[in-house]
Amino acid sequence: MTQPHNVADPAERERLLRLQICDIGRNLFNKDFIAANDGNISARLSETEILASPTGVSKGYLEPHMLVKVNLDGEIVEASEGYRPSTEVKMHLRVYRELPEMNGVVHAHPPYGTAFAIKGEALDKMMMPESVIAMGDIPLAAYGTPSTEEIPDSIMPFLGKKTAVLLESHGALTWGKSVMDAYMNMERLEYTAKLTFLTRMIGGERELPQHRIDELVALRSFYGF
């Protein structure tokens with residue numbers, strides 16, 4: 001699929017973004033990162049408009065017409081009858097308002113990552129080169145009541161510094177320069193959580209030496225992170 005952010009025509013870009021959001025929803029659902037109608041996905045359409053997945057719909061069965069267009073204040077700009085944005089779009093809008101260079105946000109409940117979020121533990125061990133380069137540590141945002149401003153407030157310390165956080169007792173939130181980047185960050189988060197769990201089970205959790213971590217961090221710009 002042509003990447004939407006490379007398309008100049010606004011109407012075609014929106015069409016492709018709608019398709020890509022639906023595709024990401026199916027991936028989240030098929031990977032068991034979400035259950036029932038959990039989770040939400042959004043992408044920036046313009047400086048002032050966002051496409052967001054609707055509330056009450058399984059992300060595994062999204063269709064392009066279901067997506068809702070909202071402004072940065074969360075007001076509905078365009079929506080098909082019967083569809084409205086999730087109240088959790090507040091998390092997404094906070095990212096877009098604070099980070100104009102970010103164009104995609106994904107919220108999900110991946111099992112391993114969510115287990116650490118419920119435990120209240122950040123994923124901060126630097127154990128694997130790919131994870132160090134692409135993401136680094138994954139902090140824990142303090143608990144907030146879903147659908148309130150408490151969760152957007154809780155992620156504020158990490159905006160501009162990270163691209164993924166665990167939401168205490170809730171799940172995970174990731175963002176990126178495109179909605180596909182945001183989705184890839186969710187995959188990375190869950191893979192890190194799974195490897196952390198598995199290495200602990202065999203008593204083998206250990207970090208890379210600090211000088212090796214520093215070498216890997218220095219490579220981030222080379223790899224485009």
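The structure displayed is predicted, hence computed values, not measured ones.

Reading the values: rules and limits
Residues numbered from 1 in each chain as written. Predicted model: local features only at pLDDT ≥ 70, side-chain atom pairs only at ≥ 80, totals over all residues. Heavy atoms only, no water. Pairing = 2+ DSSP bridges. Helix = DSSP H or I, 4+ residues; strand = E, 2+ residues; numbered from the N terminus. Contact = heavy atoms within 4.5 Å. Axes fitted to C-alpha atoms, helices over the stretch in contact; angles between N-to-C directions. Phe/Tyr/Trp six-rings, centres within 6.5 Å; stacked < 30°, edge-to-face > 60°. Buried < 20%, exposed > 50% of the residue type's maximum accessible area, 1.4 Å probe, protein only. Salt bridge = Lys/Arg side-chain N within 4 Å of Asp/Glu carboxyl O. Patch = residues over 30% accessible without salt bridge, like charges linked within 9 Å, V, L, I, M, F, W, Y side chains within 5 Å. Areas by Shrake-Rupley, 256 points an atom, 1.4 Å probe, with all protein chains shown as cover. Core = buried A, V, L, I, M, F, W, Y, C linked by side-chain atoms within 4.5 Å.

S.K.: For this particular structure, what's the right way to read the sheet that holds strand S6 (residues 140-141)?
M.R.: One open sheet accounts for eight strands, arranged S4-S3-S2-S1-S5-S8-S7-S6; its pairing is mixed. Only two strands of the sheet have a single neighbouring strand rather than two, namely strand S4 (76-78) and S6. With two bridges joining them, strand S3 (residues 68-71) and S4 adopt antiparallel strand pairing. The residue bridging Lys-69 from the neighbouring strand is Glu-78, located in S4. Seen against the sheet, helix H1 (residues 10-30) touches strand S1 (40-44), strand S2 (49-52), S3, S4 and strand S5 (104-108) and runs at an angle of roughly 155° to S1. Sheet strands in contact with helix H6 (residues 179-201) are S1, S5, strand S7 (164-167) and strand S8 (171-176), and its direction is about 140° off that of S8.

S.K.: Honestly, the packing of aromatic side chains in this entry has me stumped. Any pointers?
M.R.: Applying the stated criterion to the full structure yields three aromatic pairs. Ring geometry for Phe-222 against Tyr-223: centres 5.1 Å apart, planes inclined by 90°, an arrangement best described as edge-to-face. Judged by relative accessible area, Phe-222 falls into the exposed class, the value being 66%.

S.K.: How should the side chain of Glu-121 be read in this particular structure?
M.R.: Within the element layout of this structure, Glu-121 appears in the loop between helix H3 (111-119) and helix H4 (129-134). On the accessibility criterion, Glu-121 (17% relative accessible area) is buried. If we skip the residues at most four places from it in the chain, Glu-121 touches Phe-116, Leu-140, Leu-166 and Arg-200.

S.K.: What exactly am I supposed to notice about the pattern of salt bridges here?
M.R.: Close approach of charged atoms allows side chains with opposite charge to pair. Counted by the stated rule, this structure contains 14 salt bridges. Note that Glu-14 is salt-bridged to Arg-18, the shortest N-O span being 3.0 Å. Here Glu-14 pairs with Arg-18, and both are found in helix H1, just four residues apart, close to one helical turn. Among the residues examined, Glu-14 registers a relative accessible area of 17% and is labelled buried. On the basis of relative accessible area, Arg-18 is assigned to the buried category, the value being 11%. Here Glu-215 and Arg-212 are joined by a salt bridge, their closest N and O atoms 3.0 Å apart. Here Glu-215 pairs with Arg-212, and both are found in helix H7 (residues 210-218), just three residues apart, close to one helical turn.

S.K.: Got a minute to help me understand a nonpolar patch on the surface in this structure?
M.R.: A contiguous nonpolar surface patch, about 430 Å² in accessible area, is contributed by Phe-197, Leu-198, Met-201 and Ile-202. With respect to the helices, strands and loops of the structure, Ile-202 is situated in the loop between H6 and H7.

S.K.: How should I be thinking about the nonpolar core in this particular structure?
M.R.: Here is a general trend for soluble globular proteins: nonpolar side chains tend to be buried in one another's company. In terms of nonpolar packing, the biggest core is built from 31 residues, with Ile-21, Leu-28, Ile-41, Leu-62 and Leu-166 touching the most fellow members. When residues of this core are traced back to their parent elements, those giving at least two are H1, S1, S5, H3, S7 and H6. Sort the elements by how many residues they give to this core and H6 lands first, with six residues. Contacts of Ile-21, omitting those with residues within four sequence positions, involve Ile-41, Ser-42, Ala-43, Leu-51, Leu-62, Leu-67 and Val-179. Leu-72, Val-105, Ile-151 and Leu-159 belong to the second-largest nonpolar core, a separate cluster that totals 22 residues.

S.K.: I tried to follow the pairing of S2 on my own but got confused; where do I start?
M.R.: Every regular strand shows the same layout, with side chains that alternate between the two sheet faces. Two strands pair when backbone bridges link them, and S1 and S2 are joined in this way by three bridges, in the antiparallel orientation. The partner of Arg-44 across the bridge, within S2, is Ile-50. The antiparallel pairing of S1 with S2 creates a hairpin that spans four residues between the two strands. Of the pairings in the sheet, the one linking S2 to S3 comprises four bridges and is antiparallel in character. Bridge assignment links Ile-50 to a residue of S3, and that residue is Val-70.

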